[in-house]
Amino acid sequence: MRSWFQRFMSGRYGFDQLGGFLCIVSFILVIIGAWVSPVLYWLGLVLLIYCYFRVLSRNRSKRYSENLKYLSVQNKVVDWASRYILRFKQRKQYRYFRCPQCGQQLRVPRGRGKISITCPKCHNQFIKKS
Ligand SMILES: [Zn+2]
């Protein structure tokens, strides 16, 4: 039984991070869709079929490059989220501004009154209440 499965899976792509993500999302969509709307339910089933298609696919290089794209998007999302979580944790100590000239985000300590801020990127100076 096991050797049959190994022979069946040889040369096929198998499971990766994108596969896991698709599996979880399709599972959630099917559960929510069963309660809320058939559109979500069918979308979940389509995602699940796509997930199986990827696992059984023999075009390994294409699946690999899809996974790399997914990982880079995932990294961006995790970076963005962790930056906002940090910002939320530090909201009592720091204020955040954007440089009016270049748009660089700047962090200054709170409660120092009116201060002159120099952008470290473009050296533009502006005055803000901290
Ligand atoms: Zn600037």
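Every chain begins its residue count from 1, and numbering advances along the sequence as written. In keeping with the model being predicted, local features are shown solely for residues with a pLDDT of at least 70 and side-chain atom pairs are shown and tallied solely at 80 or more, while totals for entire chains, interfaces and linings include all residues. To obtain the side-chain values, all non-hydrogen atoms of the structure were included, while hydrogens and water were left out.

The next subject is the pairing of strand β1 (residues 94-98). Bridging between β1 and strand β2 (residues 105-109) involves five bridges; their strand directions are antiparallel. Among the inter-strand pairings, tyrosine 96 is bridged to a residue of β2, identified as arginine 107. By the convention used here, strands pair only if DSSP detects at least 2 bridges between them. Numbering of helices and strands runs from the N terminus, with a helix taken as a DSSP run of H or I at least four residues long and a strand as a DSSP run of E at least two residues long. Remark: six residues form the turn of the hairpin made by β1 and β2, two consecutive strands paired antiparallel; glycine 103 in that turn has positive phi of roughly 80°.

Turning our attention to the environment of tryptophan 42. Tracing the backbone shows tryptophan 42 in helix α3 (residues 38-56). Only protein chains enter the accessibility calculation, which uses a 1.4 Å probe. A residue is then buried if its area is under 20% of the maximum for its type, exposed if over 50%, and partly exposed in between. Of the residues examined, tryptophan 42 reaches a relative accessible area of 53% and is grouped as exposed. Separated by 80 residues in the primary sequence, tryptophan 42 and cysteine 122 have C-alpha atoms spaced 51 Å apart.

Turning next to the coordination of the zinc ion. Each metal's donors are the N, O and S atoms found within 2.8 Å of it, except that Na, K and Ca use a 3.2 Å limit; water is left out, so coordination can look incomplete. Each protein donor to the zinc ion is listed here as Cys99 (SG), Cys102 (SG), Cys119 (SG) and Cys122 (SG); together their distances run 2.2 to 2.3 Å. Assessed through its relative accessible area of 0%, cysteine 119 is described here as buried.

A few words on unusual backbone geometry. Backbone geometry at histidine 123 places phi at a positive 60°, although glycine is not the residue there. Position of histidine 123 relative to the elements: it lies in the loop between β3 (114-118) and β4 (125-129).

What follows is about the pattern of salt bridges. Here a salt bridge means any side-chain nitrogen of Lys or Arg lying within 4 Å of a carboxyl oxygen belonging to Asp or Glu. Inspection of the entire model under this criterion finds three salt bridges. A salt bridge links aspartate 16 to arginine 54, with the shortest nitrogen-to-oxygen separation between them at 3.1 Å. One end of the pair, aspartate 16, is in the loop between α1 (2-9) and α2 (17-35); the other, arginine 54, is in helix α3, and 38 residues separate them in sequence. Given the relative accessible area of 12%, aspartate 16 is considered buried. One salt bridge connects glutamate 66 with arginine 63, and the closest N-O pair in it is separated by 3.0 Å. Linking glutamate 66 with arginine 63, this pair stays in helix α4 (residues 60-89), spanning three residues, or about one helical turn. Taken individually, glutamate 66 and arginine 63 each receive the classification buried, so the pair is uniform in this respect. Several salt bridges converge on common partners, so that one network encompasses Asp16, Arg54, Arg63 and Glu66.

Pairs were defined over the aromatic rings of Phe, Tyr and Trp, the Trp ring being its six-membered one, requiring ring centres within 6.5 Å. Orientation was assigned from the angle between planes: stacked under 30 degrees, edge-to-face over 60, tilted for the rest. Evaluation of the coordinates by the stated rule reveals five aromatic pairs. Ring geometry for tryptophan 4 against phenylalanine 8: centres 5.7 Å apart, planes inclined by 5°, an arrangement best described as stacked. Of this pair, tryptophan 4 and phenylalanine 8 both sit in helix α1, four residues apart, which is roughly one turn of the helix. Judged by relative accessible area, which is 47%, tryptophan 4 ranks as partly exposed. Residues tyrosine 41 and tryptophan 42 carry aromatic rings whose centres are separated by 5.9 Å and whose planes lie at 85° to one another, so their mutual orientation is edge-to-face. Working rule: Lys NZ or Arg CZ, within 6 Å of ring centre, within 35 degrees of ring normal, means a charge sits over the ring. Above the face of the phenylalanine 88 ring, arginine 91 is positioned so that its terminal group lies 4.0 Å from the ring centre. Over the ring of tyrosine 94 we find arginine 107; its NZ or CZ atom is 3.9 Å from the centre of that ring.

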